[in-house]
Amino acid sequence: MIRRPPRSTPSNSSAASDVYKRQALHLVKAMTSLWGGRLSDLWGRKPVLIGGWLLYSLVYVGFALMKGVWVPWLLFVLYGCFFGATEGTARALVAELVQPERRGAAFGVLGTVEGALLIPASLLTGWLWDLTGSAAAPLMLSGGLSALAAFWLGLTISSGRR
């Protein structure tokens, strides 16, 4: 999944506005992280991750189809909710799935995989954007892959708690 929020299109946004949208994203992320952690404690890791990844899908499809000046603001706020719900929850799931003496290495692998996958994801995004002349194609692909990942998680991984 592409983890970097897309820039708003030049026709409906300024560079300063994009900075404020990113600030809103990070503010919402900080405000919802505790909430996301509490939900994952209450409902279990998988439901919160699946819901978060489906929210990610909706946000990215929304970025691909957005019209109007206010829509990017709403999408960035929802994107912050995605981060707040999933970042801590994914780490909690790793902690549950791995033996205590191997957790540090497991978190290192998680960080390595997340970081390493950003390179081909960014290259694919640029290639699709160049090929189609539009940001919509990579955004739709990213949204689709996130929905597929949520479906896969629902079928395969079982956490130690729920």
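Up top is the structure these notes are about.
Residues numbered from 1 in each chain as written. Predicted model: local features only at pLDDT ≥ 70, side-chain atom pairs only at ≥ 80, totals over all residues. Heavy atoms only, no water.

(A) Expanded view of the nonpolar core. Within the largest apolar cluster, 20 residues are counted, with the highest numbers of intra-cluster contacts made by Tyr60, Phe63 and Tyr79. Sorting the residues of this core by element identifies α2 (45-65), α3 (71-97) and α5 (136-156) as the ones contributing at least two each. Ranked by residue count, the leading element in this core is α3, at 8 residues. (Core = buried A, V, L, I, M, F, W, Y, C linked by side-chain atoms within 4.5 Å. Buried < 20%, exposed > 50% of the residue type's maximum accessible area, 1.4 Å probe, protein only. Helix = DSSP H or I, 4+ residues; strand = E, 2+ residues; numbered from the N terminus.)

(B) Representation of the pattern of salt bridges. Counted under the stated rule, the structure contains 5 salt bridges. In this structure, the salt-bridge partner of glutamate 96 is arginine 45, at a minimum N-O distance of 2.9 Å. Of the two residues, glutamate 96 sits in helix α3 while arginine 45 sits in helix α2, which places them 51 residues apart along the sequence. A single burial state applies to glutamate 96 and to arginine 45, both of which are buried. Across the salt bridge formed by glutamate 114 and arginine 91, the nearest N and O atoms sit 3.6 Å from each other. You can see glutamate 114 sitting in helix α4 (residues 103-132) and its partner arginine 91 sitting in helix α3, a full 23 residues away along the chain. What emerges from the salt-bridge pattern is a single network uniting Asp41, Arg45 and Glu96. (Salt bridge = Lys/Arg side-chain N within 4 Å of Asp/Glu carboxyl O.)

(C) Highlighting the packing of aromatic side chains. Per the stated rule, a full pass over the model turns up 9 aromatic pairs. Taking 4.5 Å as the distance between ring centres and 15° as the angle between the ring planes, the aromatic pair formed by tyrosine 56 and tyrosine 60 counts as stacked. One end of the pair is tyrosine 56 and the other is tyrosine 60, both in helix α2 and 4 residues apart, which spans about a single turn. Plain terms: the ring middles of tyrosine 79 and phenylalanine 83 are 4.9 Å apart, the flat faces sit at 70° to each other, and that makes the pair edge-to-face. Of the two residues, tyrosine 79 and phenylalanine 83 both sit in helix α3, 4 residues apart, roughly one turn of that helix. Neither residue differs from the other here; tyrosine 79 and phenylalanine 83 are each classed as buried. (Phe/Tyr/Trp six-rings, centres within 6.5 Å; stacked < 30°, edge-to-face > 60°.)

(D) Looking closely at the packing of helix α1 (residues 15-43) against α3. For the pair α1 and α3, the least separation of the axes is 6 Å and the interaxial angle reads 35°. Crossing angle aside, the handedness with which α1 passes α3 is right-handed. Class assignment for the residues of the contact of α1 with α3 results in 13 nonpolar, 8 polar and 4 charged. (Axes fitted to C-alpha atoms, helices over the stretch in contact; angles between N-to-C directions. Left-handed = near helix turned anticlockwise from the far one by under 90°. Nonpolar A, V, L, I, M, F, W, Y, C, P; charged D, E, K, R; others polar.)

(E) How the structure looks around a nonpolar patch on the surface. There is a patch of nonpolar side chains on the surface, built from Leu124, Trp127, Leu131, Leu141, Leu145, Leu148, Phe151 and Leu155 and spanning about 830 Å² of accessible area. Mapped by element, the contributors of at least two residues to the nonpolar patch are α4 and α5. Looking at the nonpolar patch element by element, the count peaks at 5 residues for α5. Along the chain, the position of leucine 145 falls in helix α5. When its relative accessible area of 43% is taken as the criterion, leucine 145 is described as partly exposed. (Patch = residues over 30% accessible without salt bridge, like charges linked within 9 Å, V, L, I, M, F, W, Y side chains within 5 Å. Areas by Shrake-Rupley, 256 points an atom, 1.4 Å probe, with all protein chains shown as cover.)

(F) Examining the environment of glycine 143 more closely. Locating glycine 143 in the fold gives a position in helix α5. Remark: the alpha-carbon pair of glycine 143 and valine 59, spanning 84 residues in sequence, is separated by 7.6 Å. Setting aside its immediate chain neighbours within four residues, glycine 143 contacts Ser57 and Tyr60. (Contact = heavy atoms within 4.5 Å.)

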